[in-house]
Amino acid sequence: MQTRKGIVAFSLFLAGFWALLAGALLAKGGFYIGKHEGDTIHLADLVLRQAAGEWAHLDYMTPIGVLATAPMAFFAAQGMGLGMSILAAQAAVGALLLVPIWWIGVTRLQAGWAMLYGAICLVMTMALVHGEPLPGISISMHYNRWAWVLSFLAIATVLLPPQGRGTGRAGRVADGLILGLCVAGLALIKVTYVAAFLPAILAGLLIRRDWRALKTALVAGLLVILLLTILAGPGFWLAYFGDMISVATEGDRLYPQASLTGVIIAPAYLGGSFLAIFSVILLRQCGRQEEGLILLLLVPGFFYATFQNFGNDPQWMYLLGVLMLALRPEPGVENGWGWNMRLAVTLAACAAFALSLPSALNLTFSPFRHLALNPAEYDLLLPAKPEHDDIFFAKERNERPYGEISRPLAGADLEDPPVMLLGEQLPVCALERGTVTYLDAVGREIEAAGFAGRAIYHADLMSGIWLFGDFQRLHGAAPWRYSGLPGFEEAEFLLVSFCPIVRVSRDGILSEVAKTGVGLAEVYRGDDFLLLEIQRP
């Protein structure tokens, strides 16, 4: 982007588009989720712990990095309700990313493509759904969206050749700062993205022999590490590494959904996989040798990051479309078969946009769908926490909690042996709908039974029962349990649901508890749960 007029137009577009999305986010005055209630409870546990001064990995177990929730925790710590803290954090992160988006646009893209790139990055940052074509407001997996955007910034910086002001010494330093801070941000949001893209980013810098950007990136990344070490202590990194190893090697769920092979060759993804490889070939044939090689190195990372995200939405295709448009050759370039390469690269970009359009539209419209919804159709998510009376869930999804009981046919072998607790066989059951209503009812009942203020360990996927009553927050607990008994040593009572959110988690916890040698004594029985006193030697 060489003209002053183009730069001004792009700058005004970025500011205006951010203001439009931020206004749509904040104007509602609260946050109304339409799905993924369990994920939202998990997020609330993370954010409110961090807002209270706890450190991820040191004070509670999670594989999610500290920066994934820090913006929300910042606003919550200032006294803002959880719902508005979530929305304000979306807008704040978008504002922080305006500068690197602007820099990449003015140094690497024509005005029109820069606006498209900026719109993609801002929508991904500030959307109110994780992706896919299914509507419904959700903050679930927001950290995946933020990590994709940081990846888009780093990839565009290293793959697209700089122009004009981006080619000088100051430009190389600016590129290095973007790369270093983006990779550090990825490491502190979701380290999967570092594994996916750092090798290709480093290779790209070496291929381009951009030593100044490389050195600046290393310095920027090390400064982030130093700053966090000063704030959290050196034990932070060991704890973070320990959480990731525990999840990767011992967790009940080693990957979110489809297998790695599935996100490459399954029918829903094979077209995109072919397009990625075909795009590499087109770039090489039109004279973009370096760019084609860097893109080839990025493709495995695209697949891996998609595989690691629930929903397996190949959101890298938004970026691929912009990259192909930016790298089109001049008119008249042909390959050995006589193809018009400018047209061929343009068609590849159009194919990328066509394949990703349903997800992209869902992301783009989500803040405006949220603004237009009817508050009368929603109830408070955390009624036991009146200071967070600005976050709500859809009534129709939670009015009638129900579970699904598995009962084998006569003569059939049980998939798992029955789970016994104090001589009683627990049902093979899982809660299918009504998570919020169920947890709220359990919390109220336990409080009314005289156990307010006590430390209760919930034998289930999530440990956030403290959000639904006057109960202690367990130090060292896992807001989303993957393995072991995190936080159990501080618990006084064990809550066992007959129909848990995830039966594998409940049964795994009971198995681990049995290994500890503690005694269990029933102190209260509800219609849907048992409360057991933990009797330590």
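Located above this text is the structure these notes cover.
The model shown is predicted, which means the values in this text are computed figures rather than measured ones.

Conventions we followed
Residues numbered from 1 in each chain as written. Predicted model: local features only at pLDDT ≥ 70, side-chain atom pairs only at ≥ 80, totals over all residues. Heavy atoms only, no water. Phe/Tyr/Trp six-rings, centres within 6.5 Å; stacked < 30°, edge-to-face > 60°. Buried < 20%, exposed > 50% of the residue type's maximum accessible area, 1.4 Å probe, protein only. Lys NZ or Arg CZ within 6 Å of the ring centre and 35° of its normal. Helix = DSSP H or I, 4+ residues; strand = E, 2+ residues; numbered from the N terminus. Salt bridge = Lys/Arg side-chain N within 4 Å of Asp/Glu carboxyl O.

*Asks:* I'm lost on the packing of aromatic side chains in this one. Help?
*Replies:* To describe a pair of aromatic rings, you give the distance between the ring centres and the angle between the ring planes. Considering all chains together, one arrives at 20 aromatic pairs under this definition. When the ring of Phe 236 is compared with that of Trp 237, the centres are 5.0 Å apart and the planes differ by 85 degrees; the resulting orientation is edge-to-face. Its relative accessible area of 26% is what places Trp 237 among the partly exposed residues. The rings of Trp 148, Phe 152, Tyr 193, Phe 197, Phe 302, Phe 303 and Trp 316 are connected pair by pair, giving a single aromatic cluster. Across from the ring centre of Tyr 32, 5.9 Å away, lies the NZ or CZ of Lys 28, which sits over that ring. Directly above the ring of Phe 488 sits Arg 536, whose terminal nitrogen or CZ lies 5.2 Å from the centroid.

*Asks:* Which parts of the structure should I look at to understand unusual backbone geometry?
*Replies:* Residues apart from glycine generally show negative phi values, whereas peptide bonds are mostly found in trans. For Arg 209, which is not glycine, the phi dihedral falls at a positive 55 degrees. Counting through the fold element by element, Arg 209 comes out in the loop between helix H9 (192-208) and helix H10 (211-232). Unlike most non-glycine residues, Asn 312 shows phi in positive territory, near 50 degrees. With respect to the secondary-structure elements, Asn 312 resides in the loop between helix H14 (289-308) and helix H15 (316-326).

*Asks:* I'm lost on the pattern of salt bridges in this one. Help?
*Replies:* A side chain of one charge can pair with a side chain of the opposite charge when the charged atoms of the two come close. Enumeration according to the criterion identifies 17 salt bridges in this entry. Residue Arg 444 is joined to Asp 440 by a salt bridge in which the shortest nitrogen-to-oxygen separation is 3.0 Å. You can see Arg 444 and its partner Asp 440 sitting in helix H17 (residues 435-451), four residues apart, about one turn around the helix. The class of Asp 440 is buried, set by a relative accessible area of 15%. Among the ionic pairs, Arg 506 bridges to Asp 507, the shortest N-O distance being 2.9 Å. This pair shows no difference in class: Arg 506 is buried, exactly as Asp 507 is. A network of salt bridges, in which partner residues are shared, links Asp 45, Arg 49, Glu 54 and Arg 473.

Everything listed is a geometric property; what it means functionally is a separate question.
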